[in-house]
Amino acid sequence: PLVNRQGHSQQFRISYSEVNPSGEFIYSIPLSHPLDDMLRLSARVENDKYGSIDSREEELGVLRETRREKWVYSLSGRTLRESWELKDTKFEDTYLLPGFAVSSSERGGSLVDPSSGFSQLYQFEGGSEDLGSDVDLLRTTANFSYVFTPAPRHRVVARSALGAVFVADDDRADLAPSLRFFAGGSQSIRAYGYQSIGNETEVLRDDGSKQTLVVGGDRLVTATLEYQYYFRPSWRGAAFVDAGDAFDSNDFDVKVGPGIGLH
C-alpha cells in the first residue's frame, strides 16, 4: 500500500518451505520519476539449503533503479552476514557488497503468455577487505530468455544462466554459500533436486567411510530449450531438455535433464 502523498510504498513478505523459509521488508521511494526512478530500502532474513550446506542469511540493502527507454540500470549496496554449517564445522562471515546491474526486456503479445520476447540481465558485485568484507571477491552473472512462435500453436522457449565468482584460493572455504553457484530444481535443471548440483568434496564419516558433499562451484553454465504446442487456447504441452553444471574452474561436467510438461 501507499504510505503517504509522496508515493512511498512498503512490502512485507513471509514465505515458508522446508528448505527455504524467509522474511523480507522493502520500502520504496520514488525519486525524479514515480515509475522510472525508484529507491528501495530492504531487510531480509532467510534460511536456505545449498547442496549439503545449511545456511542462514541476514541482509540490509539499498538499491536505486532507473529506467531509460528499454534499459533498466541499478546501483546497489548490501551488507550480508551469513552463517553456515558443513560437516559439523561452523562458519560465519560478513560482506559489504556494492553492485551494478543492467537489464532489458521486450515482448510481443500477452503480458502473461507472450508470443515473442527477449530478456537479458547482467549483474556485477564485489567485496573488499579494505571496505569491510571478510573476503575479497568479484561476482558476475548473466541471464537470458528468448521466446518465439514459428507457426500458429507452436512456441519455443530458450533460457540460459551464466555466472562466475573470482576469489583467492586461500579464501575459497570462506565464500558464503549464497555467493557460490548451485544448479538443479524447477527453475534450473529440472531432472535434479533443488540446488543439488555443485562442486563436490569428499570427507570421512565417524566410522571411516567416505561421504560426498555438494559445496557449490565458482562457475555456472545452464541452458534450456523447450518446445510447446497449444492443443487448447489456454493449454499447451511441452517437451524440454535442460543441461549445465555448477562447477569449479576446470571441472565442468555437464548434467542433462530431458522431460515433458503441461502448461
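Residues numbered from 1 in each chain as written. Predicted model: local features only at pLDDT ≥ 70, side-chain atom pairs only at ≥ 80, totals over all residues. Heavy atoms only, no water.

## Quick word on a negative patch on the surface
Among the surface-exposed residues, Glu92, Glu129, Asp130, Asp134 and Asp136 lie close enough to one another that they form a single negatively charged patch. Among the secondary structure elements, Asp136 is positioned in the loop between strand S7 (114-127) and strand S8 (137-151). (Patch = residues over 30% accessible without salt bridge, like charges linked within 9 Å, V, L, I, M, F, W, Y side chains within 5 Å. Areas by Shrake-Rupley, 256 points an atom, 1.4 Å probe, with all protein chains shown as cover. Salt bridge = Lys/Arg side-chain N within 4 Å of Asp/Glu carboxyl O. Lys, Arg positive; Asp, Glu negative; His and termini not counted. Charge placed at Lys NZ, Arg CZ, Asp CG, Glu CD. Helix = DSSP H or I, 4+ residues; strand = E, 2+ residues; numbered from the N terminus.)

## Regarding the confidence of the model for the protein chain
On average, residues of the protein chain carry a pLDDT of 93, and 100% of them reach 70 or more. The weakest mean pLDDT in the protein chain belongs to strand S10 (residues 200-204) at 84; the strongest belongs to S8 at 97. (pLDDT = per-residue confidence, 0-100.)

## Structural notes on the pairing of strand S12 (residues 219-232)
Regular strands show a simple pattern: their side chains alternate between the two faces of the sheet. Here 11 bridges tie strand S9 (residues 154-167) to S12, and the two strands are oriented antiparallel to one another. Bridge pairing in S12 links Ala158 to Leu225. With antiparallel pairing between neighbouring strands as the criterion, S12 and strand S13 (residues 235-247) make up a hairpin whose turn holds two residues. (Pairing = 2+ DSSP bridges.)

## What about the pairing of strand S1 (residues 9-15)?
Inspection of the sheet shows S1 paired to strand S2 (residues 22-33) by seven bridges, in the antiparallel sense. Its bridge partner lying in S2, Gln11 is registered against Ile26. Connecting S1 to the antiparallel partner S2 that follows it, the hairpin turn spans six residues.

## Looking at the packing of aromatic side chains
Ring pairs (aromatic) are described by centroid distance and by the angle formed between their planes. One pass over the full model with this rule turns up six aromatic pairs. Ring plane angle 70° and centroid distance 6.4 Å describe the contact between Phe118 and Tyr146, whose orientation is recorded as edge-to-face. Residue Phe118 is located in strand S7, and its partner Tyr146 is located in strand S8; the two are separated by 28 residues in the primary sequence. For Phe118, a relative accessible area of 31% translates into the label partly exposed. Feature note: the residues Phe118, Tyr146 and Phe148 constitute an aromatic cluster, connected by ring pairs. For the cation-ring pair, Arg68 lies above Tyr73, with the distance from its terminal atom to the ring centre recorded as 5.6 Å. Over the face of the ring belonging to Phe240 we find Arg190, whose NZ or CZ atom lies 3.6 Å from the ring centre. (Phe/Tyr/Trp six-rings, centres within 6.5 Å; stacked < 30°, edge-to-face > 60°. Buried < 20%, exposed > 50% of the residue type's maximum accessible area, 1.4 Å probe, protein only. Lys NZ or Arg CZ within 6 Å of the ring centre and 35° of its normal.)

## Some thoughts on the sheet that holds strand S6 (residues 89-109)
Pairing within the open sheet is antiparallel, and its 12 strands lie in the order S1-S2-S3-S4-S5-S6-S7-S8-S9-S12-S13-S14. Each edge of the sheet is formed by a strand with only one pairing partner; in this case those strands are S1 and strand S14 (255-262). Strand-to-strand twist in this sheet, taken as the mean axis angle between neighbours without regard to direction, amounts to 15°. (Axes fitted to C-alpha atoms, helices over the stretch in contact; angles between N-to-C directions.)

## Points about the environment of His33
Tracing the chain through its elements places His33 in strand S2. Among the residues examined, His33 registers a relative accessible area of 33% and is labelled partly exposed. A sequence separation of 196 residues divides His33 from Tyr229, and the C-alpha atoms of the two residues are 41 Å apart. A polar contact of 3.0 Å, which involves the side chain of His33, links it to the backbone nitrogen of Asp36. (Polar contact = N/O pair within 3.5 Å; in protein donor to acceptor, adjacent residues only side chain to side chain.)

## A look at the nonpolar core
In globular proteins that are soluble, nonpolar side chains generally tend to be buried together. Core analysis: the largest hydrophobic core is formed by 22 residues, its most contacted members being Tyr95, Leu137, Leu175, Leu179, Ala183 and Leu220. Dropping the residues within four chain positions of it, Leu220 is found in contact with Ala161, Leu162, Gly163, Phe181, Phe182, Ala183, Asp245, Ala246 and Phe247. (Core = buried A, V, L, I, M, F, W, Y, C linked by side-chain atoms within 4.5 Å. Contact = heavy atoms within 4.5 Å.)

## Quick word on a nonpolar patch on the surface
On the surface, Leu162, Val221, Leu225, Val241, Phe252, Val254 and Val256 cluster together into a nonpolar patch covering about 550 Å² of accessible area. Topologically, Leu162 is positioned in strand S9.

## Describing the pattern of salt bridges
Across all of its chains, the model carries 23 salt bridges by this definition. Residue Arg67 pairs with Asp36 through a salt bridge whose shortest N-O separation is 3.9 Å. Placement of Arg67 in strand S4 (residues 53-68) and of Asp36 in the loop between S2 and strand S3 (37-50) is noted, with a sequence separation of 31 residues between them. Relative accessible area serves as the criterion here: at 27%, Asp36 is assigned to the partly exposed category. The partner of Asp37 in a salt bridge is Arg64, and the shortest N-O contact between them spans 2.7 Å. One end of the pair, Asp37, is in strand S3; the other, Arg64, is in strand S4, with 27 residues separating them in the sequence. The class of Asp37 is buried, set by a relative accessible area of 3%. Overlapping salt bridges bring together Arg44, Glu46, Glu57, Glu59, Arg78 and Glu125 as one network.

## Brief notes about the environment of Thr149
Its place among the elements puts Thr149 in strand S8. Between the alpha carbons of Thr149 and Asp169 there is a distance of 46 Å; along the sequence they are 20 residues apart. Apart from residues lying up to four places away in sequence, Thr149 is in contact with Ser115, His154 and Arg155.

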